[in-house]
Amino acid sequence: MSQSKREIRHVAVFCGSNAGLGETYEQAAAALGAALARRGIGIVYGGTHKGLMGILADAALAGGGHVHGVINQRLFDKGHLHMGLTLHEVVESMRLRKERMLAIADACIALPGGIGTLEEFMEAWTLNQLGEIDKPVGLYNVGGFHEPFMGFIDKMIEQKFLPREHRNGIVVQADPDELIDALAAFEKPVVPKWL
Ligand code: AMP
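Numbers given for residues are sequential positions, taken from 1 along each chain in its written order. Where local features are concerned, this predicted model is filtered to residues with pLDDT of at least 70; where side-chain atom pairs are given and counted, the filter is 80 or more; whole-chain, interface and lining totals use all residues. Side-chain measures here rest on the full set of heavy atoms in the structure, leaving out hydrogens and waters.

A. How the structure looks around the packing of aromatic side chains. Within 6.5 Å between ring centres, the rings of Phe, Tyr and Trp (the latter by its six-membered ring) count as paired, and their orientation is classed by plane angle as stacked under 30 degrees, edge-to-face over 60, tilted in between. Tallying each qualifying case throughout the model produces 3 aromatic pairs. Look at Phe121 and Trp125: their rings are 5.9 Å apart centre to centre, the planes differ by 55°, and that puts the pair in the tilted class. Of the two residues, Phe121 and Trp125 are both situated in helix H5 (residues 115–129); the distance of 4 residues between them amounts to about one turn of the helix. Residues Phe121 and Trp125 agree in their burial class; the two are buried. With a centroid separation of 5.7 Å and an interplanar angle of 80°, the aromatic rings of Phe121 and Phe149 are classed as edge-to-face. Pair noted here: Phe121 is in helix H5 and Phe149 is in helix H6 (residues 147–158), with a separation of 28 residues, a long-range link. One exposure class covers both Phe121 and Phe149, and it is buried. Pairwise contacts between aromatic rings join Phe121, Trp125 and Phe149 into one cluster. Working definition: helices are DSSP H or I runs of at least four residues, strands are E runs of at least two. Numbering for both runs from the N terminus. Think of it in three bands: residues with accessible area under 20% of the maximum for their type are buried, residues over 50% are exposed, and the middle band is partly exposed, with areas taken using a 1.4 Å probe on protein chains only.

B. Inspection of the nonpolar core at higher detail. Residues grouped as a nonpolar core are buried Ala, Val, Leu, Ile, Met, Phe, Trp, Tyr and Cys residues, joined through side-chain atoms within 4.5 Å. Core analysis: the largest hydrophobic core is formed by 33 residues, its most contacted members being Val13, Leu32 and Ile109. When residues of this core are traced back to their parent elements, those giving at least two are strand S1 (10–14), helix H1 (24–38), strand S2 (42–45), helix H2 (51–62), strand S3 (67–72), strand S5 (107–110) and helix H7 (176–184). Whether two residues are in contact is decided by their heavy atoms, any of which lying within 4.5 Å being enough. Apart from the residues lying within four places of it in its own chain, the contact partners of Leu32 are Val13, Leu56, Ile109, Leu111, Tyr140, Pro176 and Ile180. Ranked by size, the runner-up nonpolar core spans 23 residues in total, among them Val44, Val70, Ala105 and Phe121.

C. Fine view of the packing of H1 against H7. A fitted line through C-alpha atoms represents every axis, and for helices the fit uses only the stretch in contact; the resulting angles, taken between N-to-C directions, go from 0 to 180 degrees. One way to put it is that H1 packs onto H7 with a least axis distance of 9 Å and a crossing angle of 55°. Our classification of the angle between H1 and H7 gives oblique. Every pair of crossing elements has a handedness; the one defined by H1 and H7 is right-handed. Listed contacts from H7 to Ala31, Leu32, Ala35, Leu36 and Arg38 of H1 are Pro176, Asp177 and Ile180. Roughly parallel here means an angle under 35 degrees, roughly antiparallel means over 145, roughly perpendicular means 65 to 115, and every remaining angle is called oblique. In a left-handed crossing the near helix is turned counterclockwise from the far helix by less than a right angle, and in a right-handed crossing that turn is clockwise.

D. Layout of the site of the ligand. In the vicinity of the ligand, 17 residues are found, and the nearest of them are Ser17, His80, Gly114, Thr117 and Glu120. Ser17 has a polar side-chain atom sitting 2.7 Å from an oxygen atom of the ligand. Counting of polar contacts relies on pairs of N or O atoms within 3.5 Å, with two restrictions inside protein: one atom must be capable of donating a hydrogen and the other of accepting it, and residues adjacent in sequence are counted only when both atoms are side-chain atoms. Residue Glu120 places a side-chain N or O atom 2.5 Å away from an oxygen atom belonging to the ligand. Areas reported as accessible are Shrake-Rupley estimates using a 1.4 Å probe. Residue values count occlusion only from the protein chains shown. Isolated, the ligand exposes 490 Å² of accessible area, and the fraction of that covered by the protein chains is 89%. For each residue, the test is whether any non-hydrogen atom lies within 4 Å of the molecule or strand; if one does, the residue is near.

E. Inspection of H5 at higher detail. The length a helix should cover is 1.5 Å for every residue beyond the first. Taking 1.5 Å of rise per residue, 15 residues should cover 21 Å, and H5 covers 21 Å from first to last C-alpha, within 8% of that figure. If you check which residues of H5 are buried, you get Thr117, Glu120, Phe121, Ala124, Trp125 and Asn128. The arc that holds every buried residue of H5, seen down its axis, measures 130°, which confines them to one face. Positioned one or two residues after H5, Gly131 has a phi angle of 80°, which is positive. Our arc is simply the arc of the directions from the helix axis toward the C-beta atoms.

F. Just the sheet that holds S1, in detail. By this definition, two strands are paired if DSSP reports at least two bridges between them. With respect to topology, 7 strands assemble into an open sheet ordered S4-S3-S2-S1-S5-S6-S7, the strand pairing being parallel. Among the strands making up the open sheet, the edge pair consists of strand S4 (87–91) and strand S7 (171–173). Averaged over all pairs of adjacent strands, the angle between strand axes in this sheet comes to 25°, irrespective of strand direction. Sitting on the sheet, H7 is in contact with S5, strand S6 (137–140) and S7, with an inclination near 165° to S6.

Structure representation (structure tokens):
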């Protein structure tokens, strides 16, 4: 049976603590921050001013959005906290930080980024797959950045490590508003994980 539209009040955003090559990623991070603010959706993220993370937060704040940073003690001590956030909290470890972000969020979005971004995204997808959480996860596929990753997912399917239907266990979109709409309309695949 079709599920009704999800209410998304907070989105956890995972993205590069570097800004990436050229201006495309920076513009995309700013567009997502602005779109979330315009739609009245709060952001919870790693709380830093660095890279795409800082650009996302700045754009959301400039649009009157609510931005909640969850940073760990070590990065806080190094001075990585964005000083203009709506609110922030400092937690003991990176693990607790992820747990806290997922507890607050109704959905997750990963932008282009490095290994930290990928790790956060994969944990959220895995927890959904195992039924530990029901918080849809999306890739903001700026400039086709995530295509090689989806190619690796296809390899998992081909080699029978992942059910084909689970490719639809995440949303992949290049437009911020379409991505948010797709997360709100998301219906989880009902096929079991084990082949
Ligand atoms: P990366 O993609 O490797 O740059 O890592 C970015 C992800 O890891 C972000 O979504 C953050 O949650 C976390 N992270 C990495 N560096 C920092 C930092 N300086 N401050 C806060 N979080 C960070």
